[in-house]
Amino acid sequence: SPGALDSESDVYSFSPLRADRQRVLSHAVTASQRGMRKIARVPYKVLDAPQLGDDYYLNLLDWSSTNVIAVALGASVYLYTVATAKVTRLVELN
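Basis of the calculations
Residues numbered from 1 in each chain as written. Predicted model: local features only at pLDDT ≥ 70, side-chain atom pairs only at ≥ 80, totals over all residues. Heavy atoms only, no water. Salt bridge = Lys/Arg side-chain N within 4 Å of Asp/Glu carboxyl O. Pairing = 2+ DSSP bridges. Helix = DSSP H or I, 4+ residues; strand = E, 2+ residues; numbered from the N terminus. Buried < 20%, exposed > 50% of the residue type's maximum accessible area, 1.4 Å probe, protein only. Contact = heavy atoms within 4.5 Å. Axes fitted to C-alpha atoms, helices over the stretch in contact; angles between N-to-C directions. Patch = residues over 30% accessible without salt bridge, like charges linked within 9 Å, V, L, I, M, F, W, Y side chains within 5 Å. Areas by Shrake-Rupley, 256 points an atom, 1.4 Å probe, with all protein chains shown as cover.

Peer 1: How should the pattern of salt bridges be read in this particular structure?
Peer 2: Working definition: two side chains of opposite charge can pair if their charged atoms are close together. Scanning the model with the defined rule gives 1 salt bridge in all. With a shortest N-O distance of 2.4 Å, Glu-92 and Arg-89 are connected by a salt bridge.

This is the structure in structure tokens:
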């Protein structure tokens, strides 16, 4: 049956997955680790951020899933689009 245990050791397993499913998942993790990306040791782009607030409790920088970086500088919020290297002022507060 689909919910049957593969072996007697499955009775004592803490995982909700059967042993054969655990093997499939462990193989997938190993395969993804082989394809790990390389992280450069030197930056390929440096963005100037004058007036970036130094406040531990504020989140003044955000990187979106669409590869846009938003940063609060002084009284303004800017958007940096990574693909085009375009900077846009989103809002300026008085």
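Peer 1: Honestly, the pairing of strand 2 (residues 68-73) in this entry has me stumped. Any pointers?
Peer 2: Consecutive residues of a regular strand have side chains that alternate between opposite faces of the sheet. In this structure, strand 1 (residues 61-63) lies alongside strand 2, joined through 3 bridges in antiparallel fashion. Residue Asp-62 lies in a different strand from strand 2, and its bridge partner there is Ala-70. Two elements, strand 2 and strand 3 (residues 76-81), share 6 bridges in a ladder whose sense is antiparallel. Within strand 3, the position partnered with Val-71 by the bridge is Tyr-78. The turn joining strand 2 and strand 3, which pair antiparallel and follow one another in sequence, is formed by 2 residues; a positive phi near 60° is taken by Gly-74.

Peer 1: I tried to follow the environment of Leu-61 on my own but got confused; where do I start?
Peer 2: As for its position among the elements, Leu-61 is in strand 1. The class of Leu-61 is exposed, set by a relative accessible area of 52%. Sequence separation of Leu-61 and Val-77 is 16 residues, and the distance between their C-alpha atoms is 9.5 Å. If sequence neighbours within four positions are ignored, Leu-61 has contacts with Ile-69, Ala-70 and Val-71.

Peer 1: Is there a simple way to think about the sheet that holds strand 4 (residues 86-92) in this case?
Peer 2: Neighbouring strands of a sheet are bound in pairs by backbone hydrogen bonds; such pairs are parallel or else antiparallel. A sheet is described by the order of its strands in space; here 4 strands give the open sequence 1-2-3-4, paired in antiparallel fashion. In the strand order of this sheet, the two ends are held by strand 1 and strand 4, each with one partner. Sheet twist, expressed as the mean angle between neighbouring strand axes with direction ignored, is 15°.

Peer 1: Any chance you could explain a nonpolar patch on the surface here in plain terms?
Peer 2: On the surface, a cluster of nonpolar side chains totalling about 280 Å² of accessible area is made up of Leu-90, Val-91 and Leu-93. Within the secondary structure, Leu-93 is located in the segment after strand 4. Leu-93 sits in the exposed class, given a relative accessible area of 55%.

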